[in-house]
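# Per-entry structural report
What follows is the residue order along each chain.
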Amino acid sequence: MIWFFSRFIVEAYKKVRYSRLRKKHKTGGDSSIPDSGLMAEHGASCLPCTPEEENKIVTDLRNESERNLKEGNLYFVVSARWFQRWERYVGIDADKNLNRNRSSGSRHSNGVSSLGAERPGPIDNSDIIENGGDCECKENEIQLRRMLMEGHDYVLVPQGVWEKLHQWYGGGPPLPRKMIVQGVYHRNFDVEVYPLCLNLIDSRDESRSILRLSRKASVTELFQKVCAVRGIEQDKARIWDYFNKRKHAQLLVSNKTLEEANLQMDQHILLEQVDGHHSSRFGLDSTGNKLSSVSLESSRPSLTNAGGPTLSNGHSSSYRSNMYLGSSVGLGLTDMNDGLDVNSSPKKGEKGALAGLQNLGNTCFMNSALQCLVHTPPLMEYFLKDYKDEINTKNPLGMHGELAIAFGELLRKLCSAGRTAIAPRVFKGKLSRFAPQFSGYNQHDSQELLAFLLDGLHEDLNRVKQKPYIEMKDSDGRPDEEVSVECWRNHKARNDSVIVDVFQGQYKSTLVCPVCSKISITFDPFMYLSLPLPSTITRTMTVTMFYGDGSGLPMPYTVSLLKNGFCKDLLLALGSACCLKSDEHLLLAEVFENKIYRYLEMPLEPLISIKDDEHIVAFRYPKKRMGKTKLVIFHRWQEKSATDYHKSGTKFFGTPLVTFLGENQPNGGADIESAVFKVLSPFKRMYSSAKAPIGKENGFPTDGFDIQCSGSDAQTVEKAELEDTSNTDLSLLLLLTDDTVTSFTAFKKDTIFESGKILKVVLDWTDKEQELYDASYLKDIPEVQKSGFAAKKTRQEAISLSACLDAFLMEEPLGPDDMWYCPCCKEHRQAIKKLDLWMLPEIIVFHLKRFTYGRYLKNKIGTFVNFPIHNLDLSKYVMNKDGQSYVYELYAISNHYGELGGGHYTAYAKLIDENRWYHFDDSHVSPVNESDIKPSAAYLLFFKRVRTVSKAETGEACQGHSIC
């Protein structure tokens, strides 16, 4: 009762304190109150709220904004550094939001906990704006620093949230941004963080201005802004697309967006004044140089642009209007080639492209993938011929043929430009239109782009105009050869294109039910193979296991794992170490500051996301409990001052315990108390004659045996404790708490709780509980790895491509989230899956999975992969023994340098006719020795099949290899 009264006084004091704060704000009282002076000084005028109130207000406003997404909604850019401070202050687990980079420093800084963090000062965006806000700029002139990453450098908050945060904290500066809609078929909402920046050159006085507009703004809006800035009447203004300071297109007043006009970030536009029918300086650039030698052409593709002998300089002199449904190209725009010199066409028999691709703003990922595709011999041969008859404009899964034509035009330009770089503006415009995930100016993944391009080109060039419905059959014990032919025939009946001919192979997928041993075999097509990178470095990890059903004492287990492994590997190792039964389950969690910081429930969460100084626990419980109401139990005790008894308070301690409530539905307060007694039962003290605990060292058992009361004794004590209380009062001081563990509510035995939810309670330990239970088992759990203990390294050898293939083809169980429905058991089962290569394509692409994605961390694996350049023999991996040769030769590589989320992409490509390698780094192209093309940055490997040609076929006296 004394403790309860003390807690009541503490809570009452908090309410009085906030009441006084509000009163002083109303009366202009004592400005020495922490933060209140700052708030007044920086423009904050709102009455102070508790952290819990702020959190609830912001959460409600965010949810409301999510429910009302629409074009034009206003969002504000806020420094992630400041916002994380605010999240810690209000008790939000900041690292669970926005894929934020996670470090121990963000959680352990200054020893401040997420619940005891200080109130942040005024909003400070100085770290994300140019010049740190030191320059004397108007609000609308303040610019974000380039290359910022959402979640790492900044966060986006809805207008309502910004207004509240600014009321509470003041500061700034405000950085408003509008929501736009992207895409044609799949409309995505996106906040335009970086509006389009255009450099305006006024030919009248050679003055320069910077304009910023949304890329969704119309050309009409651009005219209005230019005329307002330069003081010219609209009917006397002529504006040119002046990319690379050369006239590409005259922009005509229209509703066409700047994105559709292919205007790029930081490019130039030219303003000329029209006097009657003539420009004041028509035909001259801003320095008076002649521009008349640059011819103009249509940007709208035509049927003849899809190939054929009628081409001149790779382009047609005329075009048909309204050829493609949904096309917006050519409306009010006359465009010219994006290259600097396109007056030469591919010579007969010439199969090489040594032109670079200009970087249009973080488009190196696109340039790298494009160079690899352009230098794929079968594709180059196909797109240099007449392919117009194969364009499928009716395919609902395609892009009306526009993507295929844009790619074909770009390939022709690269083959026609000699060594002059090409700006792929039209192609990027098409890409942004049909794949909005690649719009804007952020860095992306070259493999993701490659996957989209291959699939998009296939659908645009699919020879099947009407796809038939085909019902797939099970193998039912039939021979693999028969089933594979049937599956490939069915696939080709719906998918038949040059992409299928060149890039698609077939693998055999075998699933085995772990219960009834039912075997299911399917044959599926593939376009590339994503290979894991097996690690050669091991890491020891210590995890403390608790029994969620109260059947034993906690025990630390140390296991050795591959450093680049996943949580599923940790679970398997722990299960083996603790002799986990088949009907039991382990739940991994991280404990930080006596709270559950996060659950590690994703099987493919990378182990690298778990730091050495963290504390990881595993809760062991029967699988039959899964799906029941989860109960999380936190521990507090009353901390008394040695000098002043009245200066006492509560403090959290120990490791939270996780269990599941019983079968009773709905669950009540009595069920919660019973569950708490059950999980605490292993901690009941046993005393020797000296009245001291025995059988443990450093808080844990020394021999692995459970030292506790027998089951019957524990039940007798628990029953006596329960009967010793009234019908409704609890015998333990248990309080219901919220997700932030900051507010507490009392409950009784007859209190009913909703089933299926996560319930969190706080157990306040009194002298009685401390005397009865040994709380040392809950304290001082070991770190994952003691500091100073280095990871064990094996002899560092290069990982071979064959090792990656072996790892890819290894038998493994399906994850819990990817279970297979067994037709015999009529239930979903965690089947054993095995992949085998059955048929290989002419071009095989290997994707080395260097990037690992977890819930809390993204990581890049920099392991060197040793791959052959010549004579890659894959025959031993092919299950279909058809007598063919499966020897391949490398011809292109996409490289990624740097870290995930940034870095730089380049490409190596081999010109087959020259038998020479070149390095493509955006605009820069240079020859490279074959011995230098095996970097640890290799990301995508392109191999071409080599066929063995006999003497009878060649008429030669010897037999050798030739490129097919």
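Residues numbered from 1 in each chain as written. Predicted model: local features only at pLDDT ≥ 70, side-chain atom pairs only at ≥ 80, totals over all residues. Heavy atoms only, no water.

### Examining the overall build of the protein chain
Quick reminder of the rule: Each helix corresponds to a stretch of at least 4 residues labelled H or I by DSSP, and each strand to a stretch of at least 2 residues labelled E; elements are numbered beginning at the N terminus. Relative accessibility decides the category of a residue: with a 1.4 Å probe and only protein chains considered, values under 20% of the type maximum give buried, values over 50% give exposed, and everything between is partly exposed. Methods summary: accessible areas were calculated by the Shrake-Rupley approach with a probe of 1.4 Å, and residue burial reflects only the protein chains presented.
Scanning the protein chain from terminus to terminus reveals 20 helices and 47 strands. The buried share of the protein chain, reckoned over its 964 residues, is 51%. Counting only carbon and sulfur atoms, one obtains 50% of the accessible surface of the protein chain, whose full area is about 45200 Å².

### Remarks on the side chain of Arg215
Put simply, the test is: We call two residues in contact whenever any of their non-hydrogen atoms come within 4.5 Å of each other.
With respect to the secondary-structure elements, Arg215 resides in the loop between β8 (207-213) and α7 (219-230). Accessibility expressed as a relative area gives 6% for Arg215, which makes it buried. If near-sequence neighbours (up to four positions away) are discounted, Arg215 is found in contact with Ile180, Gln182, Asp190, Glu192, Tyr194, Leu196, Thr257, Leu258, Glu259, Ser439 and Gly440.

### A short note on helix α12 (residues 446-460)
Stated precisely, the cut-off is as follows: Under the convention used throughout, the expected extent of a helix is 1.5 Å for every residue step, that is, one less than its residue count. Any pair of nitrogen or oxygen atoms within 3.5 Å is treated as a polar contact; in protein, a donor-acceptor pairing is required on top of that, and neighbouring residues in sequence qualify only through side-chain atoms on both sides.
End to end, α12 covers 21 Å across 15 residues, agreeing with the expected 21 Å (1.5 Å per residue, within 8%). The backbone nitrogen of Gln447 has a side-chain oxygen 2.8 Å away, supplied by the residue at the start of α12, namely Asp445.

### Brief notes about the pattern of salt bridges
Selection rule: Any Lys or Arg side-chain nitrogen found within 4 Å of a carboxyl oxygen on Asp or Glu counts as a salt bridge.
All chains considered together, the criterion is met by 39 salt bridges. Among the salt bridges present, the one from Arg598 reaches Glu614, with a minimum N-O distance of 3.2 Å. Here Glu614 lies in the loop between β20 (595-599) and β21 (615-622) and Arg598 lies in strand β20, a separation of 16 residues in the sequence. Assigned by exposure class, Arg598 and Glu614 land together as buried. Shared partners join several salt bridges into a network, and the residues in it are Asp190, Glu192, Arg215, Lys216 and Glu259.

### Points about the packing of aromatic side chains
The condition that has to hold: Pairing of aromatic rings covers Phe, Tyr and Trp, the last counted by its six-membered ring, and requires centre-to-centre distances within 6.5 Å; plane angles under 30 degrees mean stacked, over 60 mean edge-to-face, and any other angle means tilted.
On inspection of all chains with the given rule, the structure shows 22 aromatic pairs. On the numbers, 5.4 Å between centres and 35° between planes, the contact of Phe83 with Trp86 is tilted. Linking Phe83 with Trp86, this pair stays in helix α4 (residues 80-90), spanning three residues, or about one helical turn. Residues Phe83 and Trp86 agree in their burial class; the two are buried. Judged by centre distance (5.0 Å) and plane angle (70°), the ring pair of Phe383 and Phe407 falls under edge-to-face. One end of the pair, Phe383, is in helix α9 (residues 377-383); the other, Phe407, is in helix α10 (residues 402-416), with 24 residues separating them in the sequence.

### Description of the sheet that holds strand β1 (residues 74-79)
For clarity, the cut-off: Whether two strands pair comes down to DSSP finding at least two bridges between them. Each axis is a line fitted through C-alpha atoms, taken for helices only over the stretch in contact, and angles between the N-to-C directions span 0 to 180 degrees.
What the four strands build is an open sheet, ordered β3-β1-β5-β6; its pairing is antiparallel. Each edge of the sheet is formed by a strand with only one pairing partner; in this case those strands are β3 (154-158) and β6 (188-191). Averaged over all neighbouring strand pairs, the angle between strand axes comes to 40°, with direction disregarded. Contacts between helix α6 (residues 159-169) and the sheet are confined to β1 and β3, with β3 contributing the most and set at about 100° to the helix.

### Some points on α4
The buried count for α4 comes to eight of eleven residues, which makes it a mostly enclosed element. Taken together, the buried positions of α4 are Ala80, Trp82, Phe83, Gln84, Trp86, Glu87, Tyr89 and Val90. Between the side-chain oxygen of the N-cap and the backbone nitrogen of Arg81 there are 3.2 Å, and the N-cap of α4 in question is Ser79. Looking one or two places after α4, you find Gly91, whose phi comes out positive at around 90°.

### Some thoughts on unusual backbone geometry
Cis geometry marks the peptide bond from Gly172 to Pro173, where omega comes out at -5°. Checked against the element boundaries, Pro173 lands in the loop between β4 (171-172) and β5 (176-182). Residues other than glycine seldom take positive phi values, yet Asn362 does so here, at roughly 60°. Relative to the helices and strands, Asn362 resides in the loop between β13 (333-334) and α8 (364-374).

### So, the sheet that holds strand β36 (residues 832-839)
Across the sheet, which stays open at both edges, the four strands sit in the order β15-β14-β36-β33 with antiparallel pairing between neighbours. Sheet topology places β15 (519-526) and β33 (812-813) at the edges, where each strand pairs with a single neighbour. Here strand β14 (residues 505-512) pairs with β15 via eight bridges, running antiparallel. Bridging from a neighbouring strand, Gln506 pairs with Pro525 of β15. Across the sheet, helix α13 (residues 480-494) touches β14, β15 and β36, and the angle it forms with β15 is around 45°.

### Focus: the packing of helix α3 (residues 51-67) against α6
The test is simple: Orientation categories follow fixed angle ranges, with anything under 35 degrees roughly parallel, anything over 145 roughly antiparallel, 65 to 115 roughly perpendicular, and all other angles oblique. The nonpolar class holds Ala, Val, Leu, Ile, Met, Phe, Trp, Tyr, Cys and Pro. Asp, Glu, Lys and Arg form the charged class, and all remaining residues, Gly among them, are polar.
At a minimum axis distance of 8 Å, the contact between α3 and α6 shows a crossing angle of 160°. On the basis of the axis angle, α3 is roughly antiparallel to α6. For the pair α3 and α6, the contacting residues are Glu54, Ile57, Val58, Leu61 and Arg62 in the first and Gly160, Val161, Lys164, Leu165, Trp168 and Tyr169 in the second. Residue classes in the contact of α3 with α6 are distributed as seven nonpolar, one polar and three charged.

### Describing the state of the cysteines
Going by this rule: Disulfide: a pair of cysteine sulfur atoms within 2.5 Å of each other.
As enumerated under the stated definition, the model contains zero disulfides in all. Between Cys822, a cysteine without a disulfide, and Cys516, which holds the nearest cysteine sulfur, the sulfur-to-sulfur distance is 3.5 Å.

### Examining the environment of Gly356
Residue position: Gly356 is located in the loop between β13 and α8. Among the residues examined, Gly356 registers a relative accessible area of 0% and is labelled buried. The contacts of Gly356, once residues within four sequence positions are left out, are Gln371, Leu414, Thr420, Ala421, Ile422, Asp922, Ser923 and Val925.

### Comments concerning the side chain of Glu889
Within the fold, Glu889 resides in strand β42 (residues 887-897). Judged by relative accessible area, Glu889 falls into the buried class, the value being 16%. Side chain to side chain, Glu889 and Lys910 meet in a polar contact 3.0 Å long.

### A look at the pairing of β42
The buried fraction of β42 is high, at ten of eleven residues. Bridge count for strand β41 (residues 872-873) against β42 is two bridges, and the pairing is antiparallel. Its bridge partner being in β42, Asp873 is matched across the sheet by Val887. In this structure, β42 lies alongside strand β43 (residues 904-911), joined through six bridges in antiparallel fashion. Directly across from Tyr897, in β43, lies its bridge partner His904.

### Some words on the confidence of the model for the protein chain
Our working rule: pLDDT is a residue-level measure of predictor confidence that goes from 0 to 100.
Residues with a pLDDT of 70 or more make up 73% of the protein chain, whose mean pLDDT is 77. Counted against residues more than four places away or in other chains, residues 94-115, with its pLDDT under 50, gives 57 contacts. Across residues 688-726, confidence stays below pLDDT 50; counting only partners more than four residues off in sequence or on other chains, it has 65 contacts.

### Focus on the environment of Ser509
Mapped onto the fold, Ser509 is located in strand β14. For the pair Ser509 and Ile521, spaced twelve residues apart in the sequence, the C-alpha separation amounts to 5.7 Å. Once residues lying within four places of it in the same chain are set aside, the contact partners of Ser509 are Ser520, Ile521, Thr522, Asp524, Lys833, Lys834 and Leu835.

### What about the packing of helix α11 (residues 425-434) against α12?
Where α11 meets α12, the closest approach of the two axes is 12 Å, and the angle between their N-to-C directions is 85°. Classed by the angle they form, the pair α11 and α12 counts as roughly perpendicular. On the side of α11, the interface is formed by Phe427, Leu431 and Phe434, while α12 contributes Leu449, Phe452 and Leu453. Looking at side-chain class alone, the contact of α11 with α12 contains six nonpolar, no polar and no charged residues.

### Looking at the pairing of β14
Counting buried residues in β14 gives seven out of eight residues, a clear majority hidden from the surface. With antiparallel pairing between neighbouring strands as the criterion, β14 and β15 make up a hairpin whose turn holds six residues, including Ser517 at a positive phi of roughly 65°. For β14 and β36, the ladder comprises seven bridges, and the chain directions are antiparallel. Note on β36: the bridge partner recorded for Ser509 is Leu835.

### Section: the environment of Asp474
One can find Asp474 in the loop between α12 and α13. Between the C-alpha atoms of Asp474 and Thr522, which are 48 residues apart in sequence, the distance is 7.3 Å.

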